[in-house]
Amino acid sequence: MARGEHHRIHAHDRLQRNRLRVAQEAARLMSEHGIRDFHRAKLKASERLGILDTQSLPRNDEIEQALREHQRIFQADTQPQRVRRCREAAVEAMRFLAAYQPRLVGAVLEGTADAHSAVCLHLFAEDPDDVLRFLDEHGVPFETQTRRLRLSRDESAEYPVLLFSADGLPFDLTVLPTDSLRQPPLDRIDEKPMRRASVSAVEQLLFEDGDDDLERKLAALR
């Protein structure tokens, strides 16, 4: 083997090892310290490891894969139960909020929820104040924020977010216009349309909890 080819292969292997190390450290930070932002987690991980080459920064889907592996190894006794509890709570909330056609999104749907994860729902209303009034009328105290979501590679918009707690779990509700039911925003992990699940789909996930074929089940929600 030529010397140049040997160096090229060695450099590629080192790059791949570094990407894996950063992904694993980012996953650990997300799991143990509650960091929710993939970009922040990978930058913090690369800094902690002293791996500052931008080519060694893993993609978001690599970090998510490492997060699943971290949970499988270190949280096998608690994390699946946490996901189930959050999905059960999501079903209750979605029934309560049925008038706004709720959809479950995020870590609870994907099965990567942990002690730091909120139950994230998308609600749909032409007037977001309708949702605020509904919560007020039912005595649900909440905080308001805004969130910017990407609608396409070139377009993004801000939407109201309502935060509250129920039964010891945090809830995060993003209120979108009704036409967003047909066009989900882009997922922060793979930039594909975000996976969302109706209450009946979440109930089906709970029913199939013993089935380990997660990718097949989630693919059916696209």
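Scroll up for the structure.
So, here is what we can say about the structure in this document. (Residues numbered from 1 in each chain as written. Predicted model: local features only at pLDDT ≥ 70, side-chain atom pairs only at ≥ 80, totals over all residues. Heavy atoms only, no water.)

## Comments concerning helix H6 (residues 128–137)
How we decide: Summary of the burial criterion: residues with accessible area below 20% of their type's maximum are buried, those above 50% are exposed, and those between are partly exposed, where the area comes from a 1.4 Å probe applied to protein chains only. Runs of E in the DSSP output that reach at least two residues are strands. Runs of H or I that reach at least four are helices, and both are numbered from the N terminus. Directions from the helix axis toward the C-beta atoms define the arc. Working rule for contacts: check all heavy atoms of both residues, and any pair within 4.5 Å makes them a contact. Two N or O atoms count as a polar contact when they lie within 3.5 Å, although within protein this holds only if one can serve as hydrogen donor and the other as acceptor, and sequence-adjacent residues are included solely when both atoms are side-chain atoms.
If you check which residues of H6 are buried, you get Val131, Phe134 and Leu135. Here the buried residues of H6 occupy an arc of 95 degrees about the axis, which is enough to place them on one side. H6 presents Asp136 and Glu137 as exposed residues on the side facing more than 90 degrees away from its buried surface. Residues of H6 that are buried make contact with helix H4 (79–96), strand S2 (119–124), strand S4 (156–166) and strand S5 (169–176). With a side-chain oxygen positioned 3.0 Å from the backbone nitrogen of Asp129, the residue opening H6 is Asp127. A positive backbone phi angle near 70 degrees is found at Gly139, which sits one or two residues after H6.

## Here we look at the sheet that holds strand S1 (residues 103–105)
In plain terms, the rule: Paired strands are those between which DSSP finds at least two bridges. Comment: axis = line fitted to C-alpha atoms, over the contacting stretch for helices; angle = value between 0 and 180 degrees taken between N-to-C directions.
One open sheet accounts for five strands, arranged S1-S2-S5-S4-S3; its pairing is mixed. Each edge of the open sheet is held by one strand with a lone partner, namely S1 and strand S3 (143–150). Adjacent strand axes in the sheet meet at a mean angle of 35 degrees, parallel and antiparallel pairs treated alike. Note that S2 and S5 share six bridges and pair parallel. Looking at S5, one finds that His122 is bridged to Thr174. Most of the contacts of H6 go to S4, to which it runs at about 5 degrees, and overall it touches S2, S3, S4 and S5.

## A word on the nonpolar core
Short version of the rule: Joining through side-chain atoms within 4.5 Å is the link that ties buried Ala, Val, Leu, Ile, Met, Phe, Trp, Tyr and Cys residues into a set, and such a set is a nonpolar core.
Leu97, Leu104, Val119, Leu121 and Leu173 are the most contacted members of the largest nonpolar core, which has 33 residues in total. For this core, the secondary-structure elements that each account for two or more residues are H4, helix H5 (107–110), S2, H6, S4, S5 and helix H7 (199–207). Considering every element that reaches this core, the biggest residue donor is H4, with seven residues.

## A short note on the pattern of salt bridges
Test applied: A side-chain nitrogen of Lys or Arg and a carboxyl oxygen of Asp or Glu constitute a salt bridge if their distance falls within 4 Å.
Under the criterion given, the structure shown has 19 salt bridges. Residues Glu191 and Arg150 are paired through a salt bridge, measuring 2.9 Å at the closest nitrogen-oxygen approach. Note that Glu191 is positioned in the loop between S5 and H7 and Arg150 in strand S3, a separation of 41 residues in sequence. The exposure class of Arg150 is partly exposed, given its relative accessible area of 34%. The closest approach of N and O atoms between Arg153 and Glu191, which form a salt bridge, is 2.7 Å. Linking Arg153 in the loop between S3 and S4 with Glu191 in the loop between S5 and H7, this pair joins segments that are 38 residues apart in sequence. For Arg153, a relative accessible area of 60% translates into the label exposed.

## Concerning the side chain of His122
With respect to the element layout, His122 can be found in strand S2. A polar contact is formed between the side chain of His122 and the side chain of Arg196, at a distance of 3.3 Å. Setting aside residues no more than four positions away along its own chain, His122 makes contact with Gln101, Pro102, Arg103, Val105, Thr174, Leu176, Pro185, Met194 and Arg196.

That's the geometry; what it means functionally is another story.
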